[in-house]
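Next come the chains, spelled out residue by residue.
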Amino acid sequence: MQLDMFSSPVSFPHSYEDIDQLYCQFLKKEKEDDDAFSWNTLQSSDGRSYSFYGVKVFEFYPGEKAKFRILGSMVNELGLSEETKKGMSFYTYSEKNMNTEQLLSFINALKKEKGIIFRNTITERFACCHDFMGCSDAKQCLHPDDRFFNGCEYRKNLEAGRIFYGKNMNIQ
């Protein structure tokens, strides 16, 4: 789902509750693990660091002059000027330099980053699961939101259009 200014009202957050509300409105899936979205209080300030599946993606500092510190690959994703501190890339956004369109771009980048991080949470690798026939017939993994199935090697084949079993078999 692509977000835009007309489909959902969105404004720059000023509190931790606002961050939670943005997450619930735009990023939260119905059934997701407890560690899908978490936060830690920053020791050196009154801010929090936020993570997807244990991987830090941004910092937030609440208040009248609230700001985000965006980390990692999203800096490039959003086409921002990159700053470096202690070997980490980041960009700081405040309400004065983040309009609604940029906030929506940030939310979309977070959604993409969450998906990438989720797919890289692999508990163990295996050839295929007990549902390989059903997955083949559906042309996709039947368990896309369960992190255990991220380790399925057959899933990679399905995503690449290579189907080895069932009515849709296209590889001999």
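Rules of the game
- Residues numbered from 1 in each chain as written.
- Predicted model: local features only at pLDDT ≥ 70, side-chain atom pairs only at ≥ 80, totals over all residues.
- Heavy atoms only, no water.
- Buried < 20%, exposed > 50% of the residue type's maximum accessible area, 1.4 Å probe, protein only.
- Helix = DSSP H or I, 4+ residues; strand = E, 2+ residues; numbered from the N terminus.
- Pairing = 2+ DSSP bridges.
- Axes fitted to C-alpha atoms, helices over the stretch in contact; angles between N-to-C directions.
- Parallel < 35°, antiparallel > 145°, perpendicular 65-115°, else oblique.
- Left-handed = near helix turned anticlockwise from the far one by under 90°.
- Contact = heavy atoms within 4.5 Å.
- Nonpolar A, V, L, I, M, F, W, Y, C, P; charged D, E, K, R; others polar.

Trainee: Honestly, the pairing of strand 2 (residues 48-52) in this entry has me stumped. Any pointers?
Mentor: In the case of a regular strand, side chains alternate between the two sheet surfaces. Burial runs high along strand 2: five of the five residues are buried. Side chains Arg48, Tyr50 and Phe52 project from strand 2 onto one buried face, and the interleaved Ser49 and Ser51 project onto a second face that is buried too. Pairing of strand 1 (residues 38-41) with strand 2, which is carried by four bridges, proceeds in the antiparallel orientation. Pairing of Asn40 across the sheet is with Ser49, part of strand 2. Where strand 1 hands over to strand 2, the hairpin turn is made up of six residues, counted between the paired strands. By the bridge criterion, five bridges tie strand 2 to strand 3 (residues 55-61) in an arrangement that is antiparallel. Bridge pairing links Arg48 to Phe60 in strand 3. Here strand 2 folds back onto strand 3, and the loop between the two strands holds two residues, one of which, Tyr53, carries a positive phi near 50°.

Trainee: So what exactly am I meant to see when it comes to the pairing of strand 3 here?
Mentor: Judged by how many residues are buried, strand 3 sits mostly within the fold: five of seven residues are covered. As judged from the four bridges shared by strand 3 and strand 4 (residues 67-71), these two strands associate in the antiparallel manner. What sits directly across from Phe58, in strand 4, is Ile70. Counted along the chain from strand 3 to the antiparallel partner strand 4, the turn is five residues long, and its residue Gly63 has a positive phi close to 120°.

Trainee: I tried to follow the packing of helix 1 (residues 16-27) against helix 3 (residues 100-119) on my own but got confused; where do I start?
Mentor: The angle between the axes and the distance between the axes are what describe a pair of packed helices. Look at helix 1 against helix 3: their axes get within 11 Å of each other, and the N-to-C directions meet at 70°. When the axis of helix 1 is compared with that of helix 3, the two are roughly perpendicular. Between helix 1 and helix 3 the crossing geometry is right-handed. Contact with helix 1, carried on its side by Leu22, Tyr23, Phe26 and Leu27, involves Ile107, Leu110, Lys111 and Lys114 of helix 3 and no other residues of that element. Tallied by class, residues from the contact of helix 1 with helix 3 come to six nonpolar, no polar and two charged.

Take it as geometry only, folks, not as evidence of what the structure does.
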